[in-house]
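Remarks on the overall topology
Residues per chain are reported as follows:
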Amino acid sequence: MGSALNQTARELVAPGKGILAADESTGTIKKRFDSIGCESTEDRRRAYREMLFTTQGAAQYVSGVILFDETIRQSASDGRPLPKILESQGVIPGIKVDKGTTKLAKSPDELVTDGLDGLRDRLVDYRGLGARFAKWRAVINIGAHIPSRLCLDVNAHALARYAALCQDEGIVPIVEPEVLMDGDHSLERCYQVTCDTLHRVFEALYSQRVEFDGMLLKPNMVIPGKGDASSPMSPETIADATLSCFRMTVPAAVPGIVFLSGGQGDEEATANLNAMNAKGPHPWQLSFSYGRALQAPSLKAWKGDDANLSAGQAAYLHRAHMNSLARAGAYTADAEKAAS
Ligand code: 13P
């Protein structure tokens, strides 16, 4: 029997299930809506999220959904609060609690994440609205002379402060240090930076008394930069490099690793997750917490128009299903084609 935090963390990475990241900030969702020619109004944002959250059958594949502050307070067209709609299907509501990135002082090309001020009170508020887990994203850029030790240390420290506060308030922290795919760096460079980042993050978590069995890690995969000539690489190679990095850095007590997609193609993100699970068993569940890689086809099918709600839902259900298969190393080209 684990703690309540451990039980929630394990529910989030139950076999065959993963997390939908639907926590785009107002600025980010505007960019996504611009790509389909839809104006980003509060009503369209609600309609889009309601479409995803009411997809029949998605709860077989999706254990939890990360919401944005606006969304956790919104109600569906039938008047029910959106978090209640998730709960009624056995899907756990979560919340993004960081306030985005800002320039890191003394290192102008690097970023640090804001949001610690008043965080304890905000967690209490979110818990009252139904959130049982949270997310905080730190961003690490690769360049000729970065990341600096300073950048890794301040971001690891903030992630650990956030995680400790969450656990104090009975909320499972998802700890997300994202090493970006931007740039022309090699797979080896991403491996080195990701190992370094995770090493610092777990050091900070340990010194701030975070319980490893009551949290989840949300990392990037070890993958070459988008501008590197060898990109995209085979799922086999990505899987070997990523698993090798995690074995060196992620304690076995962590119940699950839930990947971000980070700009990978939808099918690429599924194939890479599948390759890792095909090499199991591993000490941790390997799952998904995808934003773009779960939503992109659905957003395109919806086009901002309620006449396309069922097409949008079908596209989302298909991606969720494919990623569920990848949780067991059972994703195939035939399965991908079957429903499309
Ligand atoms: P992507 O899968 O689009 O990278 O989004 C996941 C996420 O939550 C980033 O913070």
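Structure: see above.
Predicted model only: the values in this text are computed from it and were never measured.

**What about unusual backbone geometry?**
- In the segment running from serine 231 into proline 232, the intervening peptide bond is cis, with an omega of -5°.
- Along the polypeptide, proline 232 turns up in the loop between strand E8 (216–217) and helix H9 (235–249).
- Residue proline 281 is bonded to the preceding glycine 280 through a cis peptide linkage, with omega at 5°.
- Of note, proline 281 is situated in the loop between helix H10 (266–278) and strand E10 (285–290).

**What about the sheet that holds E10?**
- Strand order in this closed barrel of eight strands is E1-E2-E3-E6-E7-E8-E9-E10, and the pairing throughout is parallel.
- One ladder, built from three bridges, connects strand E3 (residues 92–96) with strand E6 (residues 133–140); its direction is parallel. The residue bridging isoleucine 95 from the neighbouring strand is alanine 134, located in E6.
- Running over the sheet, H10 touches strand E9 (256–259) and E10 and is turned about 170° from E10.

**A short note on the nonpolar core**
- Of all hydrophobic cores here, the largest spans 94 residues; its most connected members are Phe53 and Leu205.
- Per-element tally for this core: the top contributor is helix H7 (residues 149–168), with ten residues.
- Beyond its immediate stretch of four places on either side in the chain, leucine 205 contacts Leu159, Ala160, Ala163, Val175, Val210, Phe212 and Met215.
- Listed in part, the 13 residues of the second largest apolar core include Ala21, Ile66, Phe133 and Val258.

Cut-offs used in this document
Residues numbered from 1 in each chain as written. Predicted model: local features only at pLDDT ≥ 70, side-chain atom pairs only at ≥ 80, totals over all residues. Heavy atoms only, no water. Helix = DSSP H or I, 4+ residues; strand = E, 2+ residues; numbered from the N terminus. Pairing = 2+ DSSP bridges. Contact = heavy atoms within 4.5 Å. Axes fitted to C-alpha atoms, helices over the stretch in contact; angles between N-to-C directions. Core = buried A, V, L, I, M, F, W, Y, C linked by side-chain atoms within 4.5 Å. Buried < 20%, exposed > 50% of the residue type's maximum accessible area, 1.4 Å probe, protein only.

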